[in-house]
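Architecture and fold: a report
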Amino acid sequence: MPFDVRRFDIYRKVPKDLTQPTYTGAFISILCCVFILFLFLSELTGFIATEIVNELYVDDPDKDSGGKIDVSLNISLPNLHCDLVGLDIQDEMGRHEVGHIDNSMKIPLNQGDGCRFEGEFTINKVPGNFHVSTHSATAQPQNPDMTHTIHKLAFGEKLQVQKVQGAFNALGGADKLSSNPLASHDYILKIVPTVYEDLSGRQRFSYQYTVANKEYVAYSHTGRIIPAIWFRYDLSPITVKYTERRQPFYRFITTICAIVGGTFTVAGIIDSCIFTASEAWKKIQIGKMS
């Protein structure tokens, strides 16, 4: 007797003349297909979309930076002449720089009565401060006006990702135009290293920061008031990492199979129950008629 491979067929076919279509079955089949299509499109959208996962760990992520952090500062002082505006930088490593001018420019405002300072510089990864003041001016003004608006203060690489909401420019838009002109301003910053890794594995290093501020009138040892805008910073040991991930293809296929198989199975059970109940009802009606 020749070997018949068809005996291994677990999907035995039922002849069409032994099957019976019903209106209920057709309705359930249509709903089943629509439901499967809806779930398939939902899963496909989730598979194509990129998921961003965040995690926290203790480390210095950008070890190739040489212990430096890039800083970008943009601030307007509408009532202080550009000749008086200067940037000073100092930290716990002994750095003390007065009148930093590299990669910076001053733009006159209000017909020369005010100034907009834009600068890019680096700071060491140790606690310290940088401040905008008149300390580097050759002659100190009698009544310096330090009212200001901060347009931008950012650290590290520019990171603009729609799904990542963070305090990368927390002081952007800070308005101190109505404050005491002779008051000093202290902005206390806690800088948090942030890493963003895309699907290709490329990493971008940026920094978020929280801020607290206070105003006060400071007197020098001669009794004069010399206000300044201080940015005092410290680094957090905690690093925030955002990683782009996409659902694995095998998981997508598994989900689709589960959707199709599960939906057809449940729809078949529902259709079978309705058909059985309908047949039983018909028999009851026939029994009553006889």
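Let me sum up the structure you'll find in this document. Predicted model, so just to flag it, every value in this text is computed and none were measured.

Things to note about the overall build of the protein
The number of helices and strands found in the protein is two helices and 13 strands. Each principal axis of the C-alpha distribution contributes one length, and for the protein these read about 120 × 55 × 30 Å. Taking all 290 residues of the protein together, the buried fraction comes to 36%. Considering only residue pairs separated by 6 or more positions, the protein has 80% of its internal contacts joining residues 24 or more positions apart. Looking at charge distribution, the protein has the averaged site of its 28 positive side-chain charges lying 12 Å from that of its 31 negative ones.

Section: the nonpolar core
Counting 33 residues, the largest nonpolar core has Phe-130, Leu-153, Phe-155 and Phe-231 as the members making the most contacts within it. Elements represented by at least two residues in this core include exactly strand 2 (68–77), strand 3 (86–91), strand 6 (114–124), strand 7 (128–133), strand 8 (149–156), strand 10 (184–197), strand 11 (203–216) and strand 12 (228–235). Residue contributions to this core peak at five residues, all from strand 2. In contact with Phe-231, not counting residues within four places along its chain, are Leu-73, Gly-128, Asn-129, Phe-130, Ile-150, Leu-153, Leu-171, Tyr-187 and Leu-189. In terms of nonpolar packing, the next biggest core, distinct from the first, is built from eight residues, Val-161, Val-164, Phe-168 and Tyr-196 among them.

Section: the state of the cysteines
Within this structure, the stated rule accounts for one disulfide. There is no disulfide at Cys-32, and the cysteine sulfur nearest it, in Cys-33, is 5.5 Å away. Left unpaired, Cys-257 is separated from the closest cysteine sulfur, that of Cys-32, by 15 Å. For Cys-257, a relative accessible area of 52% translates into the label exposed.

Considering the layout of surface pockets
Here the largest pocket defines a volume of roughly 290 Å³. Contributing to the lining of the largest pocket are 16 residues, with Lys-152, Ala-154, Lys-158, Leu-159 and Phe-168 lying nearest its centre. Breaking the lining of the largest pocket down by element, the ones donating at least two residues are strand 2, strand 8 and strand 11. For the lining of the largest pocket, the residue count by class is six nonpolar, five polar and five charged.

Some remarks on the pairing of strand 6
Bridging between strand 2 and strand 6 involves ten bridges; their strand directions are antiparallel. Across the sheet, Val-71 pairs through a bridge with Phe-121, a residue of strand 6. Both strand 5 (residues 104–109) and strand 6 contribute to a ladder of six bridges, which runs antiparallel. Along strand 6, the bridge assignment pairs Pro-108 with Cys-115. Connecting strand 5 to the next strand, strand 6, in antiparallel fashion are four residues, including Asn-110 with a positive phi near 50°.

With respect to unusual backbone geometry
In the Ramachandran plot, Asn-103 falls in the positive-phi region, its phi being about 50° despite a non-glycine side chain. By the secondary structure assignment, Asn-103 is in the loop between strand 4 (96–97) and strand 5. If you check the backbone angles, Asn-110 has positive phi at about 50° while not being a glycine. Structurally, the position occupied by Asn-110 is in the loop between strand 5 and strand 6.

What about the pairing of strand 8?
Where strand 2 meets strand 8, six bridges bridge the pair, whose relative direction is antiparallel. Looking at strand 8, one finds that Ser-76 is bridged to Thr-149. One ladder, built from two bridges, connects strand 8 with strand 9 (residues 174–175); its direction is antiparallel. Looking at strand 9, one finds that Ile-150 is bridged to Ala-174.

Quick look at the packing of aromatic side chains
Across all of its chains, the model carries nine aromatic pairs by this definition. Here Phe-40 and Phe-252 contribute two aromatic rings whose centre-to-centre distance is 6.4 Å and whose plane-to-plane angle is 50°, an arrangement assigned as tilted. Of the two residues, Phe-40 sits in helix 1 (residues 23–48) while Phe-252 sits in helix 2 (residues 249–289), which places them 212 residues apart along the sequence. Overall, Phe-252 belongs to the buried group, its relative accessible area being 7%. One aromatic cluster is present, built from ring pairs that chain together Phe-121, Phe-130, Tyr-187, Phe-231 and Tyr-233. Against the face of Trp-230 rests Arg-232, its NZ or CZ located 4.3 Å from the ring centre.

Describing the pattern of salt bridges
Throughout the structure, instances matching the rule amount to six salt bridges. Salt-bridge contacts for Glu-118 lead to Arg-116; the nearest nitrogen and oxygen are separated by 3.3 Å. Its relative accessible area of 22% is what places Glu-118 among the partly exposed residues. Using a relative accessible area of 25% as the deciding quantity, one classes Arg-116 as partly exposed.

Definitions and limits used
- Counting from 1, residues in each chain are numbered in the order their sequence is written.
- Local features are withheld for residues below a pLDDT of 70 in this predicted model, meaning they are given only at 70 or higher, and side-chain atom pairs are given and counted only at 80 or more; totals for whole chains, interfaces and linings count all residues.
- Based on all heavy atoms of the structure, the side-chain values leave hydrogens and waters out of the count.
- The helix and strand labels rest on DSSP assignments: H or I over at least four residues marks a helix, E over at least two residues marks a strand, and numbering proceeds from the N terminus.
- Any residue under 20% of the maximum accessible area for its type is buried, any over 50% is exposed, and the rest in between are partly exposed; the area is computed with a 1.4 Å probe on protein chains only.
- Any two residues having at least one pair of non-hydrogen atoms within 4.5 Å are treated as being in contact.
- Positive: Lys, Arg. Negative: Asp, Glu. His and the chain ends are not part of the count.
- Taken as the charge centre is NZ of Lys, CZ of Arg, CG of Asp or CD of Glu, depending on the residue.
- What makes a nonpolar core is a set of buried Ala, Val, Leu, Ile, Met, Phe, Trp, Tyr and Cys residues whose side-chain atoms join them at distances within 4.5 Å.
- Whenever a pair of cysteine sulfur atoms sits within 2.5 Å, that pair is classed as a disulfide.
- Note on definitions: the grid is 1 Å and covers protein atoms alone; a cavity is a set of points where a 1.4 Å probe fits but cannot get out; a pocket is an open set with protein on both sides within 12 Å along at least five of seven lines; lining residues have an atom within 4 Å of a point.
- Grid points are joined across faces, edges and corners, and a volume is the space filled by probe spheres set on the points.
- Asp, Glu, Lys and Arg are counted as charged, while Ala, Val, Leu, Ile, Met, Phe, Trp, Tyr, Cys and Pro are counted as nonpolar; the rest, among them Gly, fall into the polar class.
- We call two strands paired when DSSP finds no fewer than two bridges between them.
- Any pair of Phe, Tyr and Trp rings, taking the six-membered ring for Trp, is counted once the centres come within 6.5 Å. Such a pair is stacked with planes under 30 degrees apart, edge-to-face with planes over 60 apart, and tilted for the rest.
- Whether a charge lies above a ring is judged from NZ of Lys or CZ of Arg, which has to be within 6 Å of the ring centre and within 35 degrees of the ring normal.
- Throughout this description, the term salt bridge denotes a Lys or Arg side-chain nitrogen within 4 Å of a carboxyl oxygen of Asp or Glu.

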